[in-house]
Amino acid sequence: MVRLRHRPRPKTNPVFYAHELELLLADEPGRLERLRHDPDSVDLLTWNVFSSLDTHSDRDWLAYRLQALGGPGVRAPIRLSLWTGRQREPLLASSPAYLRWLRERTRALGADPEALAAFSAPLEVPVRVESPEVLVLVDVALASVPRGNGGRDRVVELVDAGLEHARRLSSTLAVAFVSASDTPGAAQLSSRLEQLGSPGGLARDLPWRPQPPPVVLRALSWRELLGTWESEIGYLRLDDQPVRAFLDLARRRGLR
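We now turn to the structure provided with this report. (Residues numbered from 1 in each chain as written. Predicted model: local features only at pLDDT ≥ 70, side-chain atom pairs only at ≥ 80, totals over all residues. Heavy atoms only, no water.)

### What about the pattern of salt bridges?
Step number 1: Applying the stated criterion across every chain, the model contains 21 salt bridges.
Step number 2: Between E157 and R154 there is a salt bridge whose closest N-O contact spans 2.8 Å. Here E157 and its partner R154 are both found in helix 8 (residues 154–168), three residues apart, which amounts to about one turn of the helix. One exposure class covers both E157 and R154, and it is buried.
Step number 3: Each of the salt bridges in this network shares a partner with another, and the network as a whole consists of D27, E28, R31, D43, R86, R88 and E124. (Salt bridge = Lys/Arg side-chain N within 4 Å of Asp/Glu carboxyl O. Helix = DSSP H or I, 4+ residues; strand = E, 2+ residues; numbered from the N terminus. Buried < 20%, exposed > 50% of the residue type's maximum accessible area, 1.4 Å probe, protein only.)

### Let's talk about the side chain of H56
Step number 1: Relative to the elements of secondary structure, H56 occurs in the loop between helix 3 (42–53) and helix 4 (59–65).
Step number 2: A residue is classified by how much of its surface remains accessible, and H56, at 3% relative accessible area, is buried.
Step number 3: A polar contact is formed between the side chain of H56 and the backbone nitrogen of D58, at a distance of 3.0 Å.
Step number 4: Beyond its immediate sequence surroundings of up to four residues, H56 is in contact with W61, L62, E232, Y235 and L236. (Polar contact = N/O pair within 3.5 Å; in protein donor to acceptor, adjacent residues only side chain to side chain. Contact = heavy atoms within 4.5 Å.)

### Side note on the nonpolar core
Step number 1: The biggest cluster of nonpolar side chains holds 46 residues, and the ones touching the most others in it are W47, V49, F50, L69 and W229.
Step number 2: In terms of residue count, helix 3 provides more of this core than any other element does, six residues in total.
Step number 3: Counting 29 residues, the second-largest nonpolar core is a separate cluster that includes A161, A166, V175 and F177. (Core = buried A, V, L, I, M, F, W, Y, C linked by side-chain atoms within 4.5 Å.)

### A few points about the packing of aromatic side chains
Step number 1: Enumeration according to the criterion identifies nine aromatic pairs in this entry.
Step number 2: A ring pair is formed by W101 and W208, whose centres lie 4.9 Å apart and whose planes are at 45°; its orientation type is tilted. You can see W101 sitting in helix 6 (residues 96–109) and its partner W208 sitting in the loop between helix 10 (201–205) and strand 5 (215–221), a full 107 residues away along the chain.
Step number 3: Cluster of aromatic residues (ring-pair linked, three or more members): F16, Y17, W229 and F246. (Phe/Tyr/Trp six-rings, centres within 6.5 Å; stacked < 30°, edge-to-face > 60°.)

### Looking at the environment of D27
Step number 1: Inspection of the secondary structure puts D27 in the loop between helix 1 (18–24) and helix 2 (29–37).
Step number 2: Excluding residues that lie within four positions of it along the chain, D27 makes contacts with Q87 and R88.
Step number 3: A polar contact is formed between the side chain of D27 and the side chain of R88, at a distance of 3.3 Å.

### A short note on helix 2
Step number 1: Looking only at helix 2, the buried set comprises R31, L32 and L35. End-on view of helix 2: buried residues confined to an arc of 100°, all on one side of the axis.
Step number 2: Buried residues along helix 2 sit in contact with helix 1, helix 3 and strand 1 (79–84). (Arc of directions from axis to C-beta.)

### A word on the side chain of R88
Step number 1: Mapped onto the elements of the fold, R88 is located in the loop between strand 1 and helix 6.
Step number 2: Judged by its relative accessible area of 11%, R88 is buried.
Step number 3: Ignoring any residue separated from it by four or fewer positions in sequence, one finds R88 in contact with L24, L25, D27, E28, L82, W83 and E124.

### Side note on helix 3
Step number 1: Compared with an ideal rise of 1.5 Å per residue, which puts 12 residues at 16 Å, helix 3 spans 17 Å between its outermost C-alpha atoms and is within 8% of the ideal.
Step number 2: When you tally the buried positions in helix 3, you get 11 out of 12 residues, the bulk of the element.
Step number 3: Considered for burial, the residues of helix 3 that qualify are D43, L44, L45, T46, W47, N48, V49, F50, S51, S52 and L53. (Expected span 1.5 Å × (residues − 1).)

### Focus: the sheet that holds strand 3 (residues 134–140)
Step number 1: Across the sheet, which stays open at both edges, the five strands sit in the order 1-2-3-4-5 with mixed pairing between neighbours. Edge positions in the sheet fall to strand 1 and strand 5, since each has one partner strand and no second. This sheet shows a mean twist of 20° between the axes of neighbouring strands, independent of strand direction.
Step number 2: By the bridge criterion, five bridges tie strand 1 to strand 2 (residues 125–130) in an arrangement that is antiparallel. By the bridge assignment for strand 2, T84 is matched with V125.
Step number 3: Helix 11 (residues 222–231) contacts strand 3, strand 4 (172–179) and strand 5 of the sheet and is inclined by roughly 85° relative to strand 5. (Pairing = 2+ DSSP bridges. Axes fitted to C-alpha atoms, helices over the stretch in contact; angles between N-to-C directions.)

### Structural notes on the packing of helix 11 against helix 12 (residues 243–252)
Step number 1: Between helix 11 and helix 12, whose axes approach to 12 Å, the crossing angle comes to 160°. What the angle tells us is that helix 11 and helix 12 run roughly antiparallel. In terms of crossing hand, the pair formed by helix 11 and helix 12 is left-handed. Only V243, F246, L247 and A250 of helix 12 make contact with helix 11, whose side of the interface consists of L226, W229 and E230.
Step number 2: Of the residues assigned to the contact of helix 11 with helix 12, the class counts are six nonpolar, no polar and one charged. (Parallel < 35°, antiparallel > 145°, perpendicular 65-115°, else oblique. Left-handed = near helix turned anticlockwise from the far one by under 90°. Nonpolar A, V, L, I, M, F, W, Y, C, P; charged D, E, K, R; others polar.)

Printed below as a string of structure tokens:
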């Protein structure tokens, strides 16, 4: 008698609103699979936290809570969108001024013009918050902030592209980063945001924008964000969602 070895089924993460997630990521099956089964998935944190926050029954209070990411100008009504900019509307791209500046430098250095393609590609932002006066772009990470297109500084990339889009919306811009605390990446990010937020910091790092408008720059840890999220659970549509399992996972990962 031959005994068949059964391959153990991969453990499934505690995912909220599974049907809505499947519809959103129908064109990205690999990403959906990782979100479901990778216990270290930052997409899982992003989806569970922000998709549930978007069900908040008190939108004015939610806007106030989101000021931690976008500054005091954030107010209701607000709209949250996940993973937009590259494959989902509205598209987000580097500013024409940056691409002109980059072409000029490429010619001056005799570099290959084909290298510009990576910098002009649309870029994804994990969380987008629209309010009447402020556009908030939120990047997320765990150990370190990822690089931008072509290895570009991700902070500068989001500020540059965000300013262009905020101008079209007649809004001011805020750029926020959520990452794990007490990591070298978090310390580097904090230092970088301080540099850009200092007088003349944006003008130095965005020379193609000699007089950039003010930008709100914020950094928040997952521990802080999850603490805020937990305090709002009673106002969120979380019936039948695996809340306890998600909190346990976050605790095991040292995020709460």
